[in-house]
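Listed below, chain by chain, are the residues.
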Amino acid sequence: MTLPSAETAPTSPPGRIALYAPEFAADPHAAYRSMRRIHGPLVPVDLAPGVPATLVIGYYQARRILNDPLRFPADPRAWERLIPATCPVRPMMEWRPNALRSGGAEHARYRAANTHAIDKVDQHGLRALVEKVADGAIDGFRAAGSADLLTQYSFPIAFSVLSALLGCPDEIGQRIADGMAKIFDTTNADDGNRILAQAVSDLVTLRRRHPGDDITSRLALHPADLTDEEMSHQLVTLYGAGIEPLTNLISNTILKILTDEEFSADLHSGLSTVRDALDAVLYTDPPMMNYCISYPPYPVDVEGVLLPADQPVVISMSAANNDPALTDGVPVGSHAGNRAHLAWSTGPHTCPARSHAYLIAETAVTHLLDALPETDLARPLAELTWRPGPFHRALESLPVTFPADPGAQHAAHRAAHQGARP
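Residues numbered from 1 in each chain as written. Predicted model: local features only at pLDDT ≥ 70, side-chain atom pairs only at ≥ 80, totals over all residues. Heavy atoms only, no water.

Within an unreviewed UniProt entry, the label attached to the protein chain reads Cytochrome P450, and the organism entered is Streptomyces lienomycini.

Participant: Is there a simple way to explain the pattern of salt bridges in this structure?
Facilitator: According to the stated counting rule, one finds 20 salt bridges in the structure shown. As a salt-bridge pair, R90 and E94 come within 3.0 Å of each other at their nearest N and O atoms. The two residues R90 and E94 agree in class, both being buried. The residue D213 makes a salt bridge to R218 at a minimum N-O spacing of 2.8 Å. D213 sits in the exposed class, given a relative accessible area of 73%. Accessibility expressed as a relative area gives 14% for R218, which makes it buried. (Salt bridge = Lys/Arg side-chain N within 4 Å of Asp/Glu carboxyl O. Buried < 20%, exposed > 50% of the residue type's maximum accessible area, 1.4 Å probe, protein only.)

Participant: Teacher, can you tell me more about helix α6 (residues 104-119) here?
Facilitator: Since one α-helical turn is 3.6 residues long, residues separated by three or four positions face the same way. Between its first and last C-alpha, α6 extends 22 Å over 16 residues, near the 22 Å set by a 1.5 Å rise per residue. Among the residues of α6, H107, Y110, A113, N114, A117 and I118 are the ones counted as buried. Down the axis of α6, the smallest arc covering the buried residues is 140°, so these residues share one side. Along α6, exposed side chains directed more than 90 degrees from the buried face belong to G104 and A105. (Helix = DSSP H or I, 4+ residues; strand = E, 2+ residues; numbered from the N terminus. Expected span 1.5 Å × (residues − 1). Arc of directions from axis to C-beta.)

Participant: Looking at this structure, how should I read the packing of α6 against helix α12 (residues 228-242)?
Facilitator: Helix-helix packing is characterised by the crossing angle of the two axes and by the distance between the axes. Orientation of α6 relative to α12, taken along the N-to-C sense of each, is 65°, at an axis distance of 11 Å. Relative to α12, α6 is oriented so that their crossing is right-handed. Here E106, R109, Y110, N114 and I118 of α6 come into contact with α12, specifically with E230, Q234 and L238. Class assignment for the residues of the contact of α6 with α12 results in three nonpolar, two polar and three charged. (Axes fitted to C-alpha atoms, helices over the stretch in contact; angles between N-to-C directions. Left-handed = near helix turned anticlockwise from the far one by under 90°. Contact = heavy atoms within 4.5 Å. Nonpolar A, V, L, I, M, F, W, Y, C, P; charged D, E, K, R; others polar.)

Participant: Please explain the nonpolar core as it appears in this structure.
Facilitator: Most often, soluble globular proteins have nonpolar side chains that are buried together. In terms of nonpolar packing, the biggest core is built from 123 residues, with M35, Y153, I157 and L398 touching the most fellow members. Of all the elements, helix α8 (residues 149-166) adds the most residues to this core, at 10 residues. (Core = buried A, V, L, I, M, F, W, Y, C linked by side-chain atoms within 4.5 Å.)

Participant: Teacher, can you tell me more about the pairing of strand β2 (residues 42-48) here?
Facilitator: The buried count for β2 comes to six of seven residues, which makes it a mostly enclosed element. Alignment of strand β1 (residues 17-18) against β2, held across two bridges, turns out to be parallel. Bridging across to β2, I17 finds its partner in V45. Here β2 runs beside strand β3 (residues 51-56); their pairing, made up of six bridges, is antiparallel. Bridge assignment links A48 to a residue of β3, and that residue is V51. (Pairing = 2+ DSSP bridges.)

Participant: Explain α12 here, please?
Facilitator: Taking 1.5 Å as the rise per residue, α12 with 15 residues should run 21 Å; its terminal C-alpha atoms sit 21 Å apart, in good agreement. Of all 15 residues making up α12, 11 are buried, and the element is well covered by its neighbours. E230, M231, S232, H233, Q234, L235, V236, L238, Y239, G240 and G242 are the residues of α12 that are buried. Where α12 is buried, its residues touch α6, α8, α9 (170-185), α10 (189-209), α11 (215-221) and α13 (244-259).

Participant: Which parts of the structure should I look at to understand the sheet that holds β3?
Facilitator: For sheets, the rule is that strands pair by backbone hydrogen bonds, running either parallel or antiparallel. Ordered by their spatial adjacency, five strands build an open sheet running β1-β2-β3-β8-β5, and the pairing between neighbours is mixed. Each edge of the sheet is formed by a strand with only one pairing partner; in this case those strands are β1 and β5 (290-294). Sheet strands in contact with helix α2 (residues 28-39) are β1, β2, β3, β5 and β8 (313-316), and its direction is about 130° off that of β2. The sheet strands contacting helix α3 (residues 59-66) are β3, β5 and β8, and the helix crosses β8 at an angle near 130°.

Participant: Could you clarify how one ought to interpret the packing of aromatic side chains in this entry?
Facilitator: Between two aromatic rings, the relevant description is the distance of the centres plus the angle of the planes. For the structure on display, the rule yields seven aromatic pairs. Aromatic pair W79 and Y295: ring centres 5.6 Å apart, planes at 40°, arrangement tilted. Of this pair, W79 sits in helix α4 (residues 77-80) while Y295 sits in the loop between β5 and β6 (300-302), and the two are 216 residues apart along the sequence. With respect to class, W79 is no different from Y295; both count as buried. Its end group placed over the ring of Y358, R275 keeps NZ or CZ at 4.1 Å from the ring centre. (Phe/Tyr/Trp six-rings, centres within 6.5 Å; stacked < 30°, edge-to-face > 60°. Lys NZ or Arg CZ within 6 Å of the ring centre and 35° of its normal.)

Participant: How should the state of the cysteines be read in this particular structure?
Facilitator: Covalent bonding between the sulfur atoms of two cysteines defines a disulfide. Applying the stated criterion across every chain, the model contains zero disulfides. Cysteine C292 is unpaired, with the sulfur of C351 as its nearest cysteine sulfur at 9.8 Å. (Disulfide = S-S within 2.5 Å.)

Participant: Would you mind going over the pairing of β5 with me for this structure?
Facilitator: Consecutive side chains of a regular strand alternate in pointing toward one face of the sheet and then the other. With respect to burial, β5 is a largely interior element, five of its five residues being buried. In terms of strand pairing, β5 meets β8 through three bridges, oriented antiparallel. When the bridges of β8 are listed, N290 appears paired with S316.

Structural data, given as structure tokens:
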């Protein structure tokens, strides 16, 4: 079987590499190696048909760009004037009045509100919440002896925990998750954007009228005095970072433990930890492979390559983390405890909720390993399918088997029945 590469992936007429192709999603690392050999650290790509960008796959170049908001601002408004609303990647890239797409004083204002609202989350309560949701998810499939951990475990945890943190009822949260999934897949993205906009607007209205001890209410009450529109767009960012990437981080970490025999042996012998597994995945297969987008307002020369004005510059966290320039060819992800990866970005747009994401993912993975220690992948690794899209590293499913426990279903029914009694 020939591995997909930059040469075999579909390209646009100028020879740009198509990051939206299924061939790229099947094995992006083969494509990155080919890109590095042909282009060096800065690679001409297409994010969607006819949407050119520069992909930064060099670690040091990526860090320089992420820490240079003057030459590489995050505001895409000049770019998006030429991009139709139906463009499949536009909802992931377009301007919104939030911290991710702003700079200067506006960025500081939005980030202060977000950081305040997130930092008030009780970490002990968060861990207990994750454990409770994880228990409920496992109880739902333990008796069957098989499950799709992506749809039956990772997603329910990310969805339920984030909804609780944001004070979001399930009905609104389900619409938000549906819209976000369409946007990340870059299929029906325009429809997803409409679904998402209406759902977050409904959440803002609800929490304005009925504030509680949640992130949305704290945003509404912050001295930044955010408008309803600004509130909605802060929530879009939080959901964008909190459902799909967190689902994929949990799933990809479980996959690594189930398929990397050496790492699994170290984990079970106490030589490594679940946190080490998370960091290994954040190096090698981060849930956001390519993102942290900037839009230089004028042509910028980077190591002899002239990056065009108002054309997206996309950081490949996945490729930059594995840049041979870092370690002379030794995979950086193999070093336990090394957290120099770019999965959370760096510079002014560093993820403000990374400690919460670590806690949620670590608790979810640990809980599963404790509850179902004899879990195995249900089919060969090579037969798993990765969802196409230029931005995420996301499985279609994660099927597993484990010893069935028929008594678990009866116990779950009893507990539910007893809990329903007055």
